[in-house]
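Per-entry structural report
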Amino acid sequence: VTNKPVVAFLQGHGEPSLNEIPQVYQDLSVLYDVQTLMLTDTIIIPGNIKTLALVRPSDTIPDIQLAKIDDFLSKGGNLLLALNRVEGNFQNASGTAVNTGLENWLLKKGITISDNFVIDANCGAVTLQQQQGNFTMQSQIRFPYLPIISKFADNPVTKGLESVSMQFASPITFTGDTTIKYIPIAFSSEKSGSLRTPLYFDIQKQWQLSDFPMSGLVVGAILEGRFNGKSVSRIVLFSDGDFAVGGNQRGMQLPPDNINLMVNSIDWLSDATGLIELRTKGIT
């Protein structure tokens, strides 16, 4: 590829640097010119950017900058959005809501990401240290706040994926009208639920099946349509900002499908060649 399409990761609101997403950066660099963009009140998003990626912002994004993203979409630009509406603090075992301004911005597009925790019987584990006399015992305890997502729509973004481990997620619902096409693409399992913030993590809790009365809560979706303009643009949205962050740091390897989900999403948003059909065909 001689003229690689430009993919830009937004910075300036606590987002991870490219060093914090090395596996994603490495995979994308094959087909794309991967850059960072420090969005401020005075900077205009360059016209050569095909896809913007906004991953795990932790600070409030000013309205004037959200208006610049709207302008980018109105000209046919595409957006990957992976954000946290909740966060867990293991120091004080508490779960709280996160507000960045994006929740109100999305609400105008008919999307609600509630500040609830998705809990799932299909989940990851945390390591618990316990003192037994002179010994420190370590045990793995299943933790339903870390859902393992293995239910996906038949869509180019999720085709071939088996499971994605999320670090905390929230339910996504659509209340918009028919002018915007809404496609849910990633779901919790048949045994899941939703818990309101703020909450306390009881690591020792004995979970029962009755704790998981819900099924198929949406944690990933696509929006397609004309957002404030003449050109059709697309947004891929996930309600967990951390699922592809932190790989290769301190030897930590993220599950391959966590990386694939992020790269597939940007591929689908950016790639007009159809090469995404060749990705994630290997089944492990």
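It should be noted that the structure appears before, not after, this text.
Now for a quick tour of the structure. The model shown is predicted, which means the values in this text are computed figures rather than measured ones.

Cut-off values and rules
- Residues numbered from 1 in each chain as written.
- Predicted model: local features only at pLDDT ≥ 70, side-chain atom pairs only at ≥ 80, totals over all residues.
- Heavy atoms only, no water.
- Phe/Tyr/Trp six-rings, centres within 6.5 Å; stacked < 30°, edge-to-face > 60°.
- Helix = DSSP H or I, 4+ residues; strand = E, 2+ residues; numbered from the N terminus.
- Buried < 20%, exposed > 50% of the residue type's maximum accessible area, 1.4 Å probe, protein only.
- Core = buried A, V, L, I, M, F, W, Y, C linked by side-chain atoms within 4.5 Å.
- Contact = heavy atoms within 4.5 Å.
- Expected span 1.5 Å × (residues − 1).

1. Description of the packing of aromatic side chains
If you walk through the whole model with that rule in mind, you get 14 aromatic pairs. With 5.9 Å between their ring centres and 75° between their planes, Tyr145 and Trp207 make a pair best called edge-to-face. Here the residue Tyr145 occupies a position in strand β10 (residues 135-149), and Trp207 occupies one in the loop between β16 (199-200) and β17 (218-225), the gap between them amounting to 62 residues. Here Trp207 falls in the partly exposed class, since its relative accessible area comes to 22%. Taken together, the ring pairs connect Phe90, Phe117, Phe143, Tyr145, Phe168, Phe201, Trp207 and Phe212 into an aromatic cluster.

2. Section: the nonpolar core
Across soluble globular proteins, nonpolar side chains have a tendency to be buried as a group. One finds Phe9, Val24 and Leu80 to be the most contacted residues of the largest nonpolar core, which totals 38 residues. Elements with a contribution of two residues or more to this core: β1 (6-11), α1 (22-28), β3 (49-55), β4 (78-82), β14 (180-187), β17, β18 (233-238) and α4 (256-270). At 7 residues, α4 tops the list of elements feeding residues into this core. If near-sequence neighbours (up to four positions away) are discounted, Leu80 is found in contact with Thr51, Leu52, Ala53, Leu54, Val55, Val236, Phe238, Met262, Ser265, Ile266 and Leu269. Within the second largest apolar cluster, 31 residues are counted, among which are Leu39, Leu52, Ile61 and Leu237.

3. Considerations on α4
The terminal C-alpha atoms of α4 lie 21 Å apart, and with 15 residues this matches the ideal 21 Å at 1.5 Å per residue to within 8%. When you tally the buried positions in α4, you get 14 out of 15 residues, the bulk of the element.

So yeah, pure geometry; function would need other evidence.
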